[in-house]
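# Understanding the architecture of this molecule
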Amino acid sequence: MEHLDLSARARVAGTVDLPGSKSISNRTLLLAALCQGETLVKGLLASDDTQRMLEALATLGVRWEQVGDGRDFRIMGCGGDFPVKDASLFLGNAGTAFRPLTAALALADGSYHLHGVPRMHERPIGDLVDALRQAGARIEYLGNQGYPPLQIHPGTITGERVAVKGNVSSQFLTGLLMALPLAGRDITIEVVGELISKPYIEITLNLLKRFGITVERRGVNGNDWAEFFIPGGQTYHSPGEIFVEGDASSASYFLAAGAIAATADAPVVVTGVGRQSIQGDVRFAEALEAMGAVIERGDNWICASRPASGKLKAIDMDFNHIPDAAMTIAVAALFAEGTTTLRNIESWRVKETDRITAMATELRKVGATVEEGRDYLVVTPPAQLTPDAAIATYDDHRIAMCFSLVALAAPVRILDPGCTAKTFPTYFDELARITRR
Ligand SMILES: O=C(O)C1=C[C@@H](OP(=O)(O)O)[C@@H](O)[C@H](O)C1
Ligand SMILES: C=C(OP(=O)(O)O)C(=O)O
């Protein structure tokens, strides 16, 4: 297997211009397709996940073209009436493509076969399919019940109320929120049980608003996330031009590097996200602050350096709101004094791999003592990190990226480093630019 050997690099300093946000890129592409008219999407992320969405839209007959330096795209929307009515779409392992497209195509009066990589066929989608079926959609499981691949048949939307479970993935609710305005009638979405990953719903609502769609969030019995009312008779309106801000989850690796090893006079700075960001993962910086790191923020940048005392301290925190960036804390914990506990992260088990087990396994390879629970991880660092560990990455971009931080103390081998292409193909080049011996 291909690998990348990272030699020990004790110093880190410099600025990283972040690539575009995955979550915003894929939402924006689909919303632009659902519009009547053209949208210029600026600063789109170039990665496997966005490529899957672009290819899917092309297969569905949505015209788009690359403009300028390659990061800007013009999308010619089709008002939700996809020209191609019978298609097979390969969606890789992109949850932000698979879940919202399932919802949009279930309402699109066509026959669509949706499939992905083997791991995508192990990632649940049953709660979304159940909700769409309540609204009148006709969706068939082609493999295991509750999982992709799916065959969507033409259906008629009849329901006025759908219930969706919120405790496995917020992407199911995101898919419904993006697609149900197409139904042309008043619809209420009821969220059953605890909703996880809430900040991703904020991203969805924010972007829907920019595309002219009104959604009323209604609290019930003190739960602000209980219901979403979508008034009928709405159409998606292109904002004309939309700019994709930098990826806040991708920022986490550089900010953690700064918090571990940068000095205050030569910090690590990421540009593209800051105080104005609409992504929940900017709150990763708060977790670093709790560990003692020095963080500064501007409207469009965040800067990190190590604590004045020199060493990070352990934290015990609920990470349900930032599940992706939280993986970076599990590795930063190797550099902290004491035992770090990450709580309420059960969704890790159904992502690119079972991330709780995978992180525990790989953290142990560098010498950490790790306790793994159903929905938590407890990490105690060793006195010294074990050198030359070979980190398996399970085709999970975030495992490859967060374990690169081990090199701030000990040489480490990252197996299959190319897996970062899912969201950040140039990650290791950027890391090399800011690290020194
Ligand atoms: O909606 C989104 O853009 C995402 C939601 C999160 O998933 P869950 O809601 O499944 O936690 C996150 O992990 C994923 O990377 C992106
Ligand atoms: C969980 C992730 O991806 P997806 O959008 O495929 O759910 C992730 O990027 O960490």
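Everything numeric in this text was worked out from a predicted model, so none of it was measured. (Residues numbered from 1 in each chain as written. Chains lettered and ligands numbered in written order. Predicted model: local features only at pLDDT ≥ 70, side-chain atom pairs only at ≥ 80, totals over all residues. Heavy atoms only, no water.)

## A short note on the overall build of the protein chain
- When helices and strands are tallied, the protein chain shows 12 helices and 27 strands.
- A compact globule built from 437 residues should have a C-alpha radius of gyration of about 22 Å, and the protein chain, at 21 Å, falls within 12% of that.
- Summarising its shape, the C-alpha atoms of the protein chain cover approximately 60 × 45 × 45 Å along the three principal directions.
- In the protein chain, the share of contacts with a sequence separation of at least 24, taken over all contacts with a separation of at least 6, comes to 73%.
- Total accessible area computed for the protein chain in this model is approximately 16100 Å², and 47% of it derives from carbon and sulfur atoms.
- Charge separation in the protein chain, taken as the distance between the mean sites of 42 positive and 51 negative side-chain charges, equals 2 Å. (Helix = DSSP H or I, 4+ residues; strand = E, 2+ residues; numbered from the N terminus. Rg over C-alpha atoms; globule rule 2.2 N^0.38 Å. Contact = heavy atoms within 4.5 Å. Areas by Shrake-Rupley, 256 points an atom, 1.4 Å probe, with all protein chains shown as cover. Lys, Arg positive; Asp, Glu negative; His and termini not counted. Charge placed at Lys NZ, Arg CZ, Asp CG, Glu CD.)

## Remarks on the pattern of salt bridges
- Scanning the entire structure with this criterion turns up 29 salt bridges.
- In this structure, Glu65 engages Arg74 in a salt bridge whose closest nitrogen and oxygen atoms are separated by 2.7 Å.
- Arg297 is the salt-bridge partner of Glu289, the closest N and O atoms lying 3.0 Å from each other.
- Using a relative accessible area of 33% as the deciding quantity, one classes Glu289 as partly exposed.
- Taking relative accessible area as the criterion, Arg297 reaches 28% and is therefore assigned partly exposed.
- Connected through salt bridges with shared partners, the residues Asp49, Asp324, Glu352, Arg355, Asp396, Arg398 and Lys422 form a single ionic network. (Salt bridge = Lys/Arg side-chain N within 4 Å of Asp/Glu carboxyl O. Buried < 20%, exposed > 50% of the residue type's maximum accessible area, 1.4 Å probe, protein only.)

## Here we look at the pairing of strand S24 (residues 377-380)
- Relative to S24, strand S22 (residues 340-343) runs antiparallel, the two being bridged by 3 bridges. What sits directly across from Thr341, in S24, is Val378.
- For strand S23 (residues 369-372) and S24, the ladder comprises 4 bridges, and the chain directions are antiparallel. Along S24, the bridge assignment pairs Val370 with Val379. (Pairing = 2+ DSSP bridges.)

## Some points on the packing of helix H1 (residues 22-34) against helix H6 (residues 198-210)
- Following both chains from N to C, one finds H1 and H6 inclined at 35°, their axes separated by 11 Å at the closest point. Between H1 and H6 lies a crossing of right-handed hand. Between H1 and H6, the contacting residues are Ser23, Ile24, Arg27, Thr28 and Leu31 on the first element and Tyr200, Ile203, Thr204, Leu207 and Leu208 on the second.
- Considering only residue class, the contact of H1 with H6 consists of 6 nonpolar, 3 polar and 1 charged. (Axes fitted to C-alpha atoms, helices over the stretch in contact; angles between N-to-C directions. Left-handed = near helix turned anticlockwise from the far one by under 90°. Nonpolar A, V, L, I, M, F, W, Y, C, P; charged D, E, K, R; others polar.)

## Here we look at the environment of Asp130
- Here Asp130 shows up in helix H4 (residues 126-134).
- Taking the relative accessible area as the measure of exposure, Asp130 reaches 41% and is therefore partly exposed.
- Taking C-alpha positions, Asp130 is 8.9 Å from Gly146, a pair spaced 16 residues apart along the chain.

## Notes on the UniProt feature "binding site: phosphoenolpyruvate" (unreviewed entry) in the protein chain
- The residues that UniProt annotates with the feature "binding site: phosphoenolpyruvate" (unreviewed entry) are Lys22, Gly95, Arg123, Gln171, Arg355, Arg398 and Lys422.
- Note that Gln171 resides in helix H5 (residues 171-179).
- Given the relative accessible area of 17%, Gln171 is considered buried.
- Summarising the element assignment, Arg355 is placed in helix H10 (residues 355-365).
- If we skip the residues at most four places from it in the chain, Arg355 touches Asp324, Met327, Trp348, Arg349, Asp396, His397 and Arg398.
- Side chain to side chain, Arg355 and Glu352 meet in a polar contact 3.0 Å long. (UniProt positions renumbered as here; feature names shortened; annotations may be inferred. Polar contact = N/O pair within 3.5 Å; in protein donor to acceptor, adjacent residues only side chain to side chain.)

## Structural notes on the environment of Glu227
- You can see Glu227 is positioned in strand S14 (residues 223-230).
- Since its relative accessible area comes to 15%, Glu227 is described here as buried.
- C-alpha separation for the pair Glu227 and Arg217, spaced 10 residues apart in sequence, amounts to 5.9 Å.
- Looking at Glu227, its side chain comes within polar contact range of the side chain of Arg161, at 2.6 Å.

## Side note on H1
- Between the first and last C-alpha of H1 there are 19 Å, a value that for 13 residues agrees with the 18 Å anticipated at 1.5 Å per step.
- With 13 of 13 residues buried, H1 is to be regarded as a mostly interior element.
- Capping of H1 at its N-terminal end is provided by Ser21; its side-chain oxygen lies 3.3 Å from the backbone amide nitrogen of Ser23. (Expected span 1.5 Å × (residues − 1).)

## Some thoughts on the site of ligand 1
- Residues in close proximity to ligand 1 include Lys22, Ser23, Arg27, Thr96, Ser169, Ser170, Gln171, Ser197, Tyr200, Asp324 and Lys351, which together make up its full environment.
- Measuring from an oxygen atom of ligand 1, one finds a side-chain N or O atom of Ser169 at 2.6 Å. (Near = heavy atom within 4 Å.)

## Observations regarding the site of ligand 2
- Neighbouring residues of ligand 2: 14 residues in total, closest Lys22, Gly95, Arg123, Arg398 and Lys422.
- Within the contact set of ligand 2, an oxygen atom lies 3.1 Å away from a backbone nitrogen or oxygen of Asn93.
- Take His397: an N or O atom from its side chain is 3.3 Å from an oxygen atom of ligand 2.
- Within the complex, the protein chains bury 99% of what would otherwise be the 300 Å² of accessible surface of ligand 2.

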